[in-house]
Amino acid sequence: MSAVKATSAPQRAMHKLGLVRDIDLALHLPLRYEDETRIVAIASLRHGNTAQVEGTVQDARVDSRSRRQLVVHIADDGAELVLRFLHFYPSQQKALAPAQRVRVRGEVRGGFLGREMVHPAFKVVAEGAPLPTQLTPVYPTSAQLPQAYLRKAVAAGLARALLEELLPPAALPPGLPTLKEALHTLHHPPPKLALAALEDRSHPAWQRLKYEELLAQQLAQAEAMRERALLRAPPLATTGGRATLHARLLAALPFTLTAAQRRVCTEIDAELARVQPMHRLLQGDVGSGKTVVAALAACRAIDAGWQCALMAPTEILAEQHFAKLVQWLAPLGVTVAWLTGSRRGKGRTKMLAQVASGEAALVVGTHAVIQRDVVFARLALAIVDEQHRFGVAQRLALREKLATQALEPHLLMMSATPIPRTLAMTYFADLDVSTIDELPPGRTAIVTKLFADTRRDAVIARIRDEVARGRQVYWVCPLIEESETLDLQDATEAHQQLSAALPGRSVGLVHGRMPAAEKAAAMAQFTAGTMSVLVATTVIEVGVDVPNASLMVVEHAERFGLSQLHQLRGRVGRGAVASACVLLYSTPLGETARARLKAMIETSDGFEIARRDLEIRGPGEFMGSRQSGAALLRFADLNEDGALLERARRVAPRLLAEQPDAARAQVARWLGTRSEYLNA
Ligand code: ADP
Ligand code: MG
């Protein structure tokens, strides 16, 4: 296997795209094809066509009257075509000299002076030069990587790659070509082939590729499952009846658990008691009461004499958890430590010592909890809130860090974004799922309304009413990662406008660039009820819990994902107060954007919203794989390729058992260095 060394800019760009090994190049498939196999007569060109013509240069001159440009006239049997180049090199100008014969390909425009092409691809040819017999592939690429360079690299990779059949015929759906044949067809389709079948990916060559990919992915999952079965974790079975922390917490809670909470607690307890590490996702809609389930799981660890770590993606969310857990557990004699990135100095040193000695039975924080200098005495359970926002890489770090004493900690991940069934089954074959499918009693429905941004005044009037009744209001502005300044501008403006509109009321502002202490102070005021309106960037997206908040306003709602909006909406309606969510959008609103926002009015079911979000965004984005740089499925589409997925699921465990070498080779071929991510 020869690997490309990244030395030039295009090579570095190839590395970034994951095109390192020959097989990576061979599996880099065209987005579409260009037909250079035919030449059409200039006279037959129509506006909007993309076509290839061949003719003789009649005239070529640099026109400087308006914008400097190279204007070339070519002609075939009597018809003329103008080629226009706004940027050109002297070498190109030289090549396009009168009497040269050129082959030109581009999009036709019905120009002012007749037909023309702007910046067509061209090459000088001899009369009667043969045409390519195959379609020309166009590959997905990036700015630093010219198509022609990539095309050559892929062709070379394809020629060198070892494409022997790894899978026994019995493992394959019938009637598909070999991998080698499939790849050759897809990179260089013969001209007679129906392009539609290639482009909609229904052609058997595509089926083969998709199946290969799905099978590799299922094999990686099956392997991960087998490995997990060999791992050992401390069994957290507890005896001791009513004296346990677990029992005392249950007795002290101001509410009784819902049936759904009781059910998931039983599922979690049963698994914690085993010697295999738990690897479980706890999913439940916003407000379904996951925190208390986490706290009860933590009690199991503590009762058995071990430590528990609870991590959240943002400092504010971590702090909310911390506050709640201290409120519940400190009176019962539990020391809860608090670790975040911003906590430094003496306080931190003291916390670290408490964690290292085991005095702190529960450690709450951001991913600072998995930093190198944090050493646990006896960690047995790690709980991660909103795991899809907690990068895959961090999850790996957690597992590695905590593999102490030859034991793995149990892992519980919590998410308010339910995972649709197909996804759960595909990506999380190695993950057990517990679902809280019931909200605690006494919640009121949230009314959702759409408002054009031009009706801000009406919204502000509504805010005034809520505040006058002693209620509290969130105003959320989107966080645009690329442009934090712009983002702050929205939030700052809203803050000023609301402060002016609500004299005598406290209007606060929280954003990602604020020092943590200021953020915490603002959040504390809002939680305590002394602040009426909280303007925030999406830092409050997950988890904050202020039952007196009755109105959520989201500015530029069209820029949010549906699941994000659902999360935000879940910040209100947490008490017995009738609550509303106002989605402000800027006009004009496109059709898709309108349909998406309408979905928010039509349903308040997190599962349904996740399903629609998935439809719109596709699974890659859904899983946040973009952040981790590992696109999990490149070719198969979970909505369309269910039958292939089912077969891959059936075949994978058998292949792994009967032909482990072939199985491993298949995973390596497809996932290469990415397989470790799948096991995370
Ligand atoms: P989420 O699942 O969104 O994290 P939380 O754990 O923050 O939800 O719970 C939302 C609110 O509901 C909290 O105030 C919590 O104390 C409360 N709560 C949780 N379980 C119950 C219950 N069984 N009965 C009443 N209130 C509950
Ligand atoms: Mg929560």
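Quick caveat, the model's predicted, so the values are computed rather than measured.

Rules of the game
- Residues numbered from 1 in each chain as written.
- Chains lettered and ligands numbered in written order.
- Predicted model: local features only at pLDDT ≥ 70, side-chain atom pairs only at ≥ 80, totals over all residues.
- Heavy atoms only, no water.
- Helix = DSSP H or I, 4+ residues; strand = E, 2+ residues; numbered from the N terminus.
- Buried < 20%, exposed > 50% of the residue type's maximum accessible area, 1.4 Å probe, protein only.
- Contact = heavy atoms within 4.5 Å.
- Areas by Shrake-Rupley, 256 points an atom, 1.4 Å probe, with all protein chains shown as cover.
- Phe/Tyr/Trp six-rings, centres within 6.5 Å; stacked < 30°, edge-to-face > 60°.
- Lys NZ or Arg CZ within 6 Å of the ring centre and 35° of its normal.
- Pairing = 2+ DSSP bridges.
- Axes fitted to C-alpha atoms, helices over the stretch in contact; angles between N-to-C directions.
- Near = heavy atom within 4 Å.
- Polar contact = N/O pair within 3.5 Å; in protein donor to acceptor, adjacent residues only side chain to side chain.
- Nonpolar A, V, L, I, M, F, W, Y, C, P; charged D, E, K, R; others polar.

Looking now at the overall build of the chain. Looking only at helices and strands, the chain features 25 helices and 21 strands. Per-residue burial over the chain gives 51% buried out of 680 residues. Within the chain, contacts between residues separated by at least 24 positions form 75% of all contacts whose residues are at least 6 apart in sequence. Carbon and sulfur atoms make up 53% of the accessible area of the chain, which amounts to about 30,700 Å² in all.

All told, the structure shown has 5 aromatic pairs when counted by the stated rule. Look at Tyr-474 and Phe-526: their rings are 4.9 Å apart centre to centre, the planes differ by 50°, and that puts the pair in the tilted class. Placement of Tyr-474 in strand S17 (residues 472-476) and of Phe-526 in helix H17 (residues 516-528) is noted, with a sequence separation of 52 residues between them. The pair formed by Tyr-474 and Phe-526 is uniform in burial state, with each residue classed as buried. Ring-pair connections join several aromatic residues into one group, and the members of that group are Trp-206, Phe-635 and Trp-670. Sitting over the face of the ring of Trp-206, Arg-201 holds its NZ or CZ atom 4.2 Å from the ring centroid. Arg-378 extends its terminal NZ or CZ atom over the ring of Trp-306, reaching a point 4.1 Å from the ring centre.

Here the focus is the sheet that holds strand S12 (residues 362-365). Pairing within the open sheet is parallel, and its 7 strands lie in the order S11-S12-S10-S13-S14-S9-S15. Two strands close off the open sheet at either side, each with one partner strand: strand S11 (336-339) and strand S15 (432-436). Averaged over neighbouring strand pairs, the angle between their axes works out to 20° when direction is ignored. By the bridge criterion, 4 bridges tie strand S10 (residues 307-311) to S12 in an arrangement that is parallel. Note that in S12 the partner of Leu-310 across the bridge is Val-364. In this fold helix H9 (residues 259-272) packs onto strand S9 (279-284), strand S13 (379-385), strand S14 (410-415) and S15, with an angle of close to 155° to the strand it touches most, S15. Contacts from helix H12 (residues 345-357) reach S10, S11 and S12, with the element oriented near 130° to S11.

Another point: the site of ligand 1. Around ligand 1, 17 residues are found, and the nearest of them are Gly-287, Lys-290, Thr-291, Arg-443 and Asp-545. At 2.6 Å from an oxygen atom of ligand 1 is found a main-chain nitrogen or oxygen belonging to Gly-287. In this structure, an oxygen atom belonging to ligand 1 sits 3.3 Å away from a side-chain N or O atom of Lys-324. Calculation on ligand 1 without its partners gives an accessible area of 570 Å², and the protein chains cover 87% of this total. Of the residues that constitute the shell around ligand 1, the class distribution is 4 nonpolar, 7 polar and 6 charged.

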